[in-house]
Amino acid sequence: MTSLKRELDQAADDGEASKPAPFACMPQFGEHKRAVSSVKLAPARITKDREDAALCASASADGNVKIWDLANTSLSSQSWEKRSPYSIQPVSTLSGHSRGINDVAWSKSSDPFVATASDDKTLRLWDAQTEDALIEFRGHDNFVFCTEFNPQSNLLASGSFDETVKLWDIRSGECVSTLPAHSDPVTAVSFNRDGTCVVSASHDGLIRIWDVCTGECLKTIFAAGNPPVSHVTYSPNGKYVLAGTLDSQLRLWPMTLSGKAKCSKTYGTPMHQNTKYCISSTFLVSKPKSRQCIVTGSETGDIILYDIQSRKVHQVLDKMHRDVVLAIDAHDTKEIIASGGMSKDRKIRFWCPKEPSTNGSDDVENSTKRSRLG
């Protein structure tokens, strides 16, 4: 864990950082007609001309992707006290898939492009501003469950219930590689920092690292008992892989290609339940001086923040979703979390740190509780 800690904490002061303000639910929320399957916050470079802005894409079983503009992410404490929860309207709606959408991903360039993976066995590339479908990717034989752009945003990876991982050329729409990756549905794909490797996860209990150029499987990883893997993502420095499994655990694996893989850290708590659904998880490291966390949803409807180093629960975000929280993401430069609930909830919630009232009359705990309305 030394290299991960060094990368995340290289700019931190020698003294102990002050305790960060707890996250609380922002008053605005979005909504779909069916379960929310994926939420992704756009990279800061896409909104670089608007410092106070953050864009979020949400995908749903209703077959649509909605784009939400969070222009008020700097709400003051006084504003939080005065606002009741309220619904906001999307700035764009991307419609065209004939069945539900399982995943959405933002381009890592400055272009406002998103990719979608659908139960109609296709992927699509969209312009999030114009709402135009630019390219349709066909080739999978079953539901397409996950997708991600490489860092250069010229390739798209996808994983499917047909048990393969495919790599697609963004410009031509052609499949450039098919990896016979697993013996069960592929649940997640993620590129490393330089795009030379892609990791895949599956219900077969395996995590596999692939060479993007050659298609060679470089390493296979599995946890004791071989639990199905529900999600996987590379760490920001590309040296670790975070995997969620259907035994309600998150595991951090070092990405050394030689020798037997050994889990570095395991995260779990009774409040974190994941035995049935593919629940996403991510890193929250936009402010490494004050907070370095892993964020995940739960079948309890809660959101769990784990401290990366201590493995302790940093915070539980509860009482806002009325169903399983499948979808989670964190912004790359701002302390913003987005979450999405399943069929009984269907809402997209947004979270950011809530500073205590400046008059000192309320403590942090009470102000946090008041923000959890509805």
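Predicted, not measured: the structure shown is a model, and the values here were computed from it. Along each chain, numbering runs from 1 in the same order as the chain's sequence is written. Predicted model: local features are reported for residues with pLDDT of at least 70 only, side-chain atom pairs are reported and counted for 80 or more only, and whole-chain, interface and lining totals are derived from all residues. Values shown for side chains rest on all heavy atoms present in the structure; no hydrogens or waters enter the calculation.

This paragraph deals with the overall build of the chain. Helix numbers and strand numbers start at the N terminus; a helix is a DSSP run of H or I with at least 4 residues, a strand a run of E with at least 2. Assigned secondary structure in the chain consists of three helices and 29 strands. At a minimum sequence separation of 6, the contacts of the chain that also span at least 24 residues come to 53%. Exposure was quantified through the Shrake-Rupley algorithm and a 1.4 Å probe, taking into account, for residues, occlusion by the shown protein chains and nothing else. Counting every atom, the chain has about 15800 Å² of accessible surface; 46% of that belongs to carbon and sulfur. Residue contacts follow a heavy-atom distance rule, with two residues in contact if any of their heavy atoms lie within 4.5 Å.

Here Ser-92 lies in strand β6 (residues 92–95). In protein, a polar contact requires one atom able to donate a hydrogen and another able to accept it; more generally it is a pair of N or O atoms within 3.5 Å, and residues adjacent in sequence count only if both atoms are side-chain atoms. Polar side-chain contacts of Ser-92 include one of 2.7 Å to the backbone oxygen of Ala-128. When residues no more than four places from it in sequence are discounted, the contact partners of Ser-92 are Val-65, Lys-66, Ile-67, Ala-128, Gln-129 and Glu-131.

Right, let's get into the pattern of salt bridges. A pair is scored as a salt bridge if a Lys or Arg side-chain nitrogen falls within 4 Å of a carboxyl oxygen belonging to Asp or Glu. Applying the stated criterion across every chain yields a total of nine salt bridges. Residue Glu-136 pairs with Arg-138 through a salt bridge whose shortest N-O separation is 2.8 Å. Judged by its relative accessible area of 58%, Arg-138 is exposed. Between buried and exposed lies partly exposed: a residue is buried under 20% and exposed over 50% of the maximum accessible area for its type, with that area taken using a 1.4 Å probe on protein chains only.

Here the term cavity refers to a set of points on a 1 Å grid, laid over the protein atoms alone, in which a 1.4 Å probe fits but cannot get out; the term pocket refers to an open set having protein on both sides within 12 Å along at least five of seven lines, with lining residues being those that place an atom within 4 Å of a point. Grid points are joined across faces, edges and corners, and a volume is the space filled by probe spheres set on the points. In this structure the tally under the stated criterion is one cavity of 30 Å³ or more. Here the largest cavity is characterised by a volume of approximately 30 Å³. Lining the largest cavity are Gly-205, Ile-207, Phe-222, Ala-223, Pro-227, Val-229, Ala-243, Thr-245, Arg-251 and Trp-253. Looking at the lining of the largest cavity residue by residue, the class counts come to seven nonpolar, two polar and one charged. When residues are sorted by character, Ala, Val, Leu, Ile, Met, Phe, Trp, Tyr, Cys and Pro go into the nonpolar class, Asp, Glu, Lys and Arg into the charged class, and all the rest, Gly among them, into the polar class.

For strand β19 (residues 229–234), a buried count of six out of six residues is recorded, marking the element as mostly surrounded by other parts of the structure. Relative to strand β20 (residues 240–245), β19 runs antiparallel, the two sharing five bridges. What sits directly across from His-231, in β20, is Gly-244. Counting the residues between successive antiparallel strands, the hairpin from β19 to β20 contains five residues, one of them, Gly-238, with a positive phi of roughly 75°. Pairing between strands is defined by DSSP: at least two bridges between them are needed.

Per residue, pLDDT measures the predictor's confidence, with a range of 0 to 100. Per-residue confidence for the chain gives a mean pLDDT of 89, with 87% of residues at or over 70. Counting interchain partners and residues more than four positions distant, the pLDDT-below-50 stretch residues 11–17 has five contacts. Across residues 360–374, confidence stays below pLDDT 50; counting only partners more than four residues off in sequence or on other chains, it has 25 contacts.

Moving on to the sheet that holds strand β7 (residues 101–106). For sheets, the rule is that strands pair by backbone hydrogen bonds, running either parallel or antiparallel. Strand order in the open sheet formed by four strands is β7-β8-β9-β10, and the pairing between neighbours is antiparallel. Both outer strands of the open sheet, β7 and β10 (133–138), are each paired with one neighbouring strand and no more. Averaged over all adjacent pairs, the angle separating strand axes in this sheet is 20°, with direction ignored. By the bridge criterion, five bridges tie strand β8 (residues 113–118) to strand β9 (residues 122–127) in an arrangement that is antiparallel. When the bridges of β9 are listed, Thr-116 appears paired with Arg-124. For every element, the axis is a line fit to its C-alpha atoms; helices are fit only across the contacting stretch, and the angle between N-to-C directions ranges from 0 to 180 degrees.

Note on placement: Asn-150 falls in the loop between β11 (144–149) and β12 (155–160). Classification of Asn-150 by relative accessible area gives buried; the value is 3%. The spacing of Asn-150 and Arg-193 is 43 residues in sequence and 8.6 Å in space, taken between C-alpha atoms. A distance of 3.0 Å separates polar atoms of two side chains, one belonging to Asn-150 and the other to Gln-152. For Asn-150, the side chain forms a polar contact with the main-chain nitrogen of Ser-153, separated by 2.8 Å.

With that settled, consider the environment of Lys-312. By secondary structure assignment, the location of Lys-312 is in the loop between β25 (303–307) and β26 (313–317). Given a relative accessible area of 60%, Lys-312 falls into the exposed group. With 45 residues separating them along the chain, Lys-312 and Tyr-267 place their C-alpha atoms 7.8 Å apart. Lys-312 has contacts with Leu-305, Tyr-306 and Asp-307, leaving out every residue within four places of it along the chain.

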